[in-house]
Amino acid sequence: MTRTEKIKEHARNLGADLVGVADLALLEGIDTEPADLLGPYRHALALAVKLPNAVFEQLPGRPTPLYAQVYLNANALLDQIALRLCAHIEGQGYAALPIPASQPLDMTVFRSHLSAKAVANTAGLGWQGKSLLIVTPEYGPRVRLVTVLTDMPLQADKPLKNRCGSCTCCTEACVAGAIRNVSTDFHYASREEALDFQKCADKLVNEFSPMENIGKPICGICIQVCPWGRKLKGRGACSEV
Ligand code: SF4
Ligand code: SF4
């Protein structure tokens, strides 16, 4: 077993459902906080935890307290997996830095230290869908993500080509009318190309977050409707959830 295979197996044993390796050279120029965050590292491990299908089947056009708690729990699990994976990598003599699963540094633009979606996309975990979510072949967008930066020499995975095709499910279902139904091969030049970000943010921050027992800017609707997460035959069928 190669070093890369062993690290991936270790991450799965810690609880990750999906693991990929991104070559940080492919992310050159990406916004980070601080600006030199990636400097000491060569690779990023992208880790995903699957969210339960049942929680999405219950969403009545808005987030529920159950979904809010599952979201929190998944982030906590991811942070624990990342922390323990870092300790494992350090134990082998290499540097490793966990980037928290959900730690927005600027709530007006929802930016964090580093985009976990960009890392997951580069690491081949999934493609960036029209909703800007990472859509994995295994679970669609029903995953949460975390990143571990490392200088450990690893074999990088290849980014996946976009498979949204002519699907319009998330565009039709978006509760803010924010998704523009724009296609891309690998990734969008900016998030504005795919999404009217302000419309989405206004909905989440002003309407959903203040709801009782929600308390955070989450939604879940574009996750709920994506056919790749619902295992629909004939991808793109936007039948009733
Ligand atoms: S999170 Fe909600 S408002 Fe934002 S794009 Fe998805 S469905 Fe639309
Ligand atoms: S719902 Fe359709 S268009 Fe939107 S991300 Fe999923 S596959 Fe892509």
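Details of the structure are given in the entry above.
Predicted model only: the values in this text are computed from it and were never measured.

This part is about the site of ligand 1. Residues in close proximity to ligand 1 include Cys174, Val175, Ala176, Ile179, Leu195, Cys200, Leu204, Cys219, Ile221 and Cys222, which together make up its full environment. The set of elements that each furnish at least two residues to the shell around ligand 1 consists of helix 7 (197-208) and helix 8 (221-225). Its residues assigned to classes, the shell around ligand 1 comprises 10 nonpolar, no polar and no charged.

Moving on: helix 7. Its 12 residues place the ends of helix 7 15 Å apart at the C-alpha level, agreeing with the 16 Å of an ideal helix rising 1.5 Å per residue. Buried-residue contacts for helix 7 involve helix 6 (191-194).

Further remarks concern the site of ligand 2. Within the structure, ligand 2 sits among Gly129, Lys130, Ser131, Val135, Cys164, Cys167, Cys169, Cys170, Cys226, Pro227 and Trp228. In this structure, ligand 2 is accommodated by the largest cavity. Tallied by class, the residues present in the shell around ligand 2 amount to eight nonpolar, two polar and one charged.

In the case of a regular strand, side chains alternate between the two sheet surfaces. The buried fraction of strand 2 (residues 43-50) is high, at seven of eight residues. In terms of strand pairing, strand 1 (residues 18-23) meets strand 2 through six bridges, oriented antiparallel. Its bridge partner being in strand 2, Gly20 is matched across the sheet by Ala46. Sheet topology note: the strand 2/strand 6 (residues 143-150) ladder contains eight bridges and is antiparallel. What sits directly across from Ala48, in strand 6, is Leu145.

With that settled, the discussion passes to the sheet that holds strand 6. Strands sit in the order 1-2-6-3 across an open sheet of four strands; the sheet is antiparallel. The open sheet terminates on both sides in strands that have one partner only, identified here as strand 1 and strand 3 (96-99). Adjacent strand axes in the sheet meet at a mean angle of 25 degrees when their direction is disregarded. Contacting strand 1 and strand 2, helix 1 (residues 3-14) crosses the sheet at an angle of about 140 degrees to strand 1. Strand contacts of helix 3 (residues 65-91): strand 2, strand 3 and strand 6, with the helix running at about 20 degrees to strand 6, the strand carrying the most contacts.

Evaluation of the coordinates by the stated rule reveals one cavity of 30 Å³ or more. Forming the walls of the largest cavity are 13 residues, and the residues nearest its centre are Val135, Cys164, Cys167, Cys170 and Cys226. If you list the elements that add at least two residues to the lining of the largest cavity, you get helix 5 (169-173) and helix 9 (227-230). The residue makeup of the lining of the largest cavity, split by class, is 10 nonpolar, two polar and one charged.

It is worth spelling out the packing of aromatic side chains at this point. Across all of its chains, the model carries three aromatic pairs by this definition. Ring centres of Trp127 and Trp228 lie 4.9 Å apart, and the angle between their planes is 80 degrees; on these two criteria the pair is classed as edge-to-face. Of this pair, Trp127 sits in strand 4 (residues 127-128) while Trp228 sits in helix 9; the two residues are 101 residues apart in sequence, bridging distant segments of the chain. Counting every residue linked through ring pairs, the aromatic cluster contains Phe56, Tyr67 and Tyr71. For Arg191, the ring lying beneath its charged end belongs to Phe197, and the centroid distance is 3.7 Å.

As for its position among the elements, Leu38 is in the loop between strand 1 and strand 2. Given a relative accessible area of 15%, Leu38 falls into the buried group. Between the C-alpha atoms of Leu38 and Thr2, which are 36 residues apart in sequence, the distance is 24 Å.

Attention shifts here to the nonpolar core. Membership of the largest hydrophobic core comes to 21 residues, with the highest contact counts inside it found for Leu45, Leu47, Leu85, Ile89 and Val148. Every element with two or more residues in this core is listed here: helix 1, strand 1, strand 2, helix 3 and strand 6. The leading source of residues in this core is helix 3, at six residues. Core analysis: the next-biggest nonpolar cluster, separate from the first, contains 20 residues, Leu18, Leu37, Ala48 and Leu149 among them.

Rules used in this analysis
Residues numbered from 1 in each chain as written. Chains lettered and ligands numbered in written order. Predicted model: local features only at pLDDT ≥ 70, side-chain atom pairs only at ≥ 80, totals over all residues. Heavy atoms only, no water. Near = heavy atom within 4 Å. Helix = DSSP H or I, 4+ residues; strand = E, 2+ residues; numbered from the N terminus. Nonpolar A, V, L, I, M, F, W, Y, C, P; charged D, E, K, R; others polar. Expected span 1.5 Å × (residues − 1). Contact = heavy atoms within 4.5 Å. 1 Å grid on protein atoms, 1.4 Å probe; cavity = no way out; pocket = protein on both sides within 12 Å on 5 of 7 lines; lining within 4 Å. Sits in = over half its atoms within 2 Å of the grid points. Buried < 20%, exposed > 50% of the residue type's maximum accessible area, 1.4 Å probe, protein only. Pairing = 2+ DSSP bridges. Axes fitted to C-alpha atoms, helices over the stretch in contact; angles between N-to-C directions. Points joined across faces, edges and corners; volume = space filled by probe spheres on them. Phe/Tyr/Trp six-rings, centres within 6.5 Å; stacked < 30°, edge-to-face > 60°. Lys NZ or Arg CZ within 6 Å of the ring centre and 35° of its normal. Core = buried A, V, L, I, M, F, W, Y, C linked by side-chain atoms within 4.5 Å.

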